[in-house]
Amino acid sequence: MKKFIFCIGCCVLVISSASAQVYITRTGVINFFSKTPMEDIKAENNQVYAAVDLSKKTIAFSMLMKSFLFRKELMQEHFNENYVESDRYPKSTFKGTFTGDVDSQKPGVYNVRAQGVIALHGVEKSIDTPATIEITGDGLMGMARFSLLPQDFNITIPGIVRDKIAKQIDVQVNISCKPVK
Amino acid sequence: MRKKIILFLAVVVVCLAVAWYWYNKPREGIAGKDTQLTVSAALLYEGYNTDEAAANEKFLNKIIEVKGKVADVILNGNDAVLILGIQPEGGGISCFFSPASVLENNHVKKGMEIVVKGKCTGFNMDVNLTDCIIIL
């Protein structure tokens, strides 16, 4: 298990003591949406790896771009081959921290701000987004919504489909984590 | 001349129809596709854990059948992720199923030896497979 954490946090998260409050999942969900009058596009990845350390206030995400699934075959193909070039850049990651107090002993919803760096398509970009962390009876749920601009990640949308792909892509994050024993 | 125009229009209509069909073609998954490789969960994981580039060369984007022991099933709405475990608490093979009822219909339970057919999407702590079906 230590190896698993080591990988996911890439040294950001290290279990330092027995009292560390680390929560992990290997089945987080990230969706993204593009809405235009011409077409609505949605893709979902159910194999997102995430770790949240409440004592250090760090968050780490990692996912494979090829695990994003689309409704239409051609869209998934174009996404992988032309836009995110998933053979060259197979993964996307987020490494960051959150501000706001979360008490692991008190179940409830905590509003926090998450800050950090997204790596996607070989480009690193800082983001800052509101998020919620919910302490439940047996774990932790995390939620966030934010938008990304394809051009910020050097993704160029060809003219022929420009009307069909939104300028802003809405991203929705949902993770349900269990404590590391 | 009129015949030529009609023929030309007919060709245009057919081309548009074909383009429309390809553009809107739903993603079919893997049910009708042939298995390209068969491997045990342990060998697949070891392959990726020791040399990811070489394993990608062999498995990435391929339809593979993987035999292993069910370590965990995580339900998420209509979908499910099944983990084929290697050692307790370690990495394994993460298999995505949609809808989740496929697992119930095949009476899949923790600890069972099963064969999963899916498309390999790479390595990220676990080896990831999508569009999975149960072969048993």
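Refer to the preceding data block for the structure.
A brief structural summary. In this text, all values refer to a predicted model and were calculated from it rather than measured experimentally.

**Comments concerning the overall build of chain B**
Here's step 1: In terms of helices and strands, chain B carries four helices and six strands.
Here's step 2: Walking chain B from its N terminus toward its C terminus, one meets helices and strands in the order α-β-α-α-β-β-β-α-β-β.
Here's step 3: Since a compact globule built from 136 residues should have a radius of gyration of about 14 Å, the 21 Å found for chain B marks it as more spread out than a globular shape.
Here's step 4: Dimensions of chain B along its principal axes, counting C-alpha atoms only, are 75 × 35 × 20 Å.
Here's step 5: Taking contacts inside chain B between residues at least 6 apart in sequence as the whole, the part at least 24 apart equals 58%.

**Some remarks on the overall build of chain A**
Here's step 1: Across its full length, chain A carries two helices and nine strands.
Here's step 2: Looking at chain A residue by residue over its 181 residues, the buried ones come to 33%.

**Details of the environment of B:V81**
Here's step 1: Here B:V81 shows up in strand β3 (residues 79–85).
Here's step 2: Residues B:V81 and B:V18, spaced 63 residues apart in sequence, show a C-alpha to C-alpha distance of 36 Å.

**Structural notes on the interface of chain A and chain B**
Here's step 1: On the chain B side, the residues contacting the 24 residues of chain A number 23 residues.
Here's step 2: When residues of the side of chain A that touches chain B are traced back to their parent elements, those giving at least two are α1 (2–9), β1 (22–35), β2 (40–53), β3 (58–64), β4 (69–70) and α2 (73–83) of chain A.
Here's step 3: Residue composition of the side of chain A that touches chain B, by class: 12 nonpolar, six polar and six charged.

**Details of the nonpolar core**
Residues and elements named next belong to chain A.
Here's step 1: If you look at the biggest cluster of nonpolar residues, it comprises 36 residues, and the most contacted ones within it are V48, A50, V52, F61 and C177.
Here's step 2: Where this core is concerned, the elements lending two or more residues are β1, β2, β3, α2, β5 (91–99), β6 (108–120), β8 (139–148) and β9 (169–179).
Here's step 3: With sequence-adjacent residues up to four places away left out, V48 is seen in contact with G28, V29, I30, F61, M63 and I175.

**Quick word on unusual backbone geometry**
Here's step 1: The residue after B:S98, namely B:P99, is reached through a cis peptide bond having omega 0 degrees.
Here's step 2: Relative to the helices and strands, B:P99 is located in the loop between β4 (92–97) and α4 (101–105).
Here's step 3: Within the chain, A:E85 stands out as a residue other than glycine whose phi angle is a positive 45 degrees.
Here's step 4: Residue B:M125 is not a glycine yet carries a positive backbone phi of 75 degrees.
Here's step 5: With respect to the secondary-structure elements, B:M125 resides in the loop between β5 (113–124) and β6 (126–134).

Calculation notes
- Residues numbered from 1 in each chain as written.
- Chains lettered and ligands numbered in written order.
- Predicted model: local features only at pLDDT ≥ 70, side-chain atom pairs only at ≥ 80, totals over all residues.
- Helix = DSSP H or I, 4+ residues; strand = E, 2+ residues; numbered from the N terminus.
- Rg over C-alpha atoms; globule rule 2.2 N^0.38 Å.
- Contact = placed C-beta atoms within 7 Å.
- Buried ≥ 20, exposed ≤ 12 C-beta atoms within 10 Å, placed from the backbone.
- Nonpolar A, V, L, I, M, F, W, Y, C, P; charged D, E, K, R; others polar.
- Core = buried A, V, L, I, M, F, W, Y, C linked by C-beta atoms within 7 Å.

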